[in-house]
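Examination of the molecular architecture
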Amino acid sequence: AVHASAIVYCASASGKGGTAFEVDDIGVANAAAAAKALGARFVLVSALGVDRPDSKGYKMTNSLGGNYDKIMDAKRQGEEKTRSVLAKSKNYMIIRPGPLLGVKGKGGAADIELNQGD
């Protein structure tokens, strides 16, 4: 039997893996369902701006093509399915990180900014 206190889902579409809808939509829904079945907390690492489909960043990212085609739509749908699957227990967290910069911080943990909302 599998015992888990949490499932952290940080996979995404890639050139060598699945498409945006296979990974960021269907894969997320499957992982959320597994978390529900196990009674585990589900942590989804999504993307900044998923809740802003009219923004320039959303539209640009959504038009990358290939396996990444419509990736923001797929991530938004994955988030919606997470909320739906785990609505009763509310045992989930969605994290929307911004872009990673190639700059090394000097303040350690003090360089991390956390906000509620997007």
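About the thresholds
- Residues numbered from 1 in each chain as written.
- Predicted model: local features only at pLDDT ≥ 70, side-chain atom pairs only at ≥ 80, totals over all residues.
- Heavy atoms only, no water.
- Pairing = 2+ DSSP bridges.
- Helix = DSSP H or I, 4+ residues; strand = E, 2+ residues; numbered from the N terminus.
- Right-handed = clockwise from strand over helix to strand, strands pointing away.
- Contact = heavy atoms within 4.5 Å.
- Expected span 1.5 Å × (residues − 1).
- Buried < 20%, exposed > 50% of the residue type's maximum accessible area, 1.4 Å probe, protein only.
- Axes fitted to C-alpha atoms, helices over the stretch in contact; angles between N-to-C directions.
- Bend = angle between axes of the 7 residues up to and from the residue.
- Salt bridge = Lys/Arg side-chain N within 4 Å of Asp/Glu carboxyl O.

**Re the pairing of strand β1 (residues 6–9)**
Relative to strand β2 (residues 41–45), β1 is paired through four bridges, and the arrangement is parallel. Counted as the bridge partner of Ala6 is Arg41 from β2. Between β1 and its parallel partner β2, the chain crosses via helix α1 (residues 20–38), and the hand of that crossover is right-handed.

**Some details on the side chain of Glu79**
Tracing the backbone through its elements, the reader meets Glu79 in helix α3 (residues 71–85). For Glu79, the contacting residues outside a window of four places in its chain are Leu44, Ser46, Val50, Ile94 and Arg96.

**Notes on α3**
The end-to-end C-alpha separation of α3 is 21 Å, in line with the 21 Å expected for 15 residues at 1.5 Å each. Taken together, the buried positions of α3 are Ile71, Met72, Asp73, Ala74, Lys75, Gly78, Glu79 and Thr82.

**Concerning the sheet that holds β1**
Pairing is parallel across the open sheet formed by three strands, whose spatial order is β1-β2-β3. With partners counted over all chains shown, the strands left at the sheet margins are β1 and β3 (92–95), one partner each. Strand-to-strand twist across the sheet, computed as the mean angle between neighbouring axes with direction ignored, equals 10°. Of the strands in this sheet, β1 and β2 touch α1, which is tilted by about 175° from β1.

**A few points about α1**
Taking 1.5 Å of rise per residue, the 19 residues of α1 would be expected to cover 27 Å, and the 26 Å separating its terminal C-alpha atoms lies within 8% of that figure. At Gly27, α1 is bent by approximately 35°, the largest bend along its length. Looking only at α1, the buried set comprises Ala20, Val23, Asp24, Asp25, Gly27, Val28, Ala29, Ala31, Ala32 and Ala35. Residue Gly39 follows α1 closely and has a positive phi angle near 70°.

**A word on the pattern of salt bridges**
Within this structure, the stated rule accounts for eight salt bridges. The partner of Arg76 in a salt bridge is Asp73, and the shortest N-O contact between them spans 3.6 Å. Of the two residues, Arg76 and Asp73 both sit in helix α3, three residues apart, roughly one turn of that helix. On the accessibility criterion, Arg76 (26% relative accessible area) is partly exposed. Between Glu80 and Arg76 there is a salt bridge, with its nearest N and O atoms 3.8 Å apart. In this pair, Glu80 and Arg76 both sit in helix α3, four residues apart, roughly one turn of the helix. Given a relative accessible area of 44%, Glu80 falls into the partly exposed group. Connected via shared salt-bridge partners are Asp51, Arg52, Glu79, Arg83 and Arg96.

Fair warning: the whole summary comes from geometry, so function is off the table for now.
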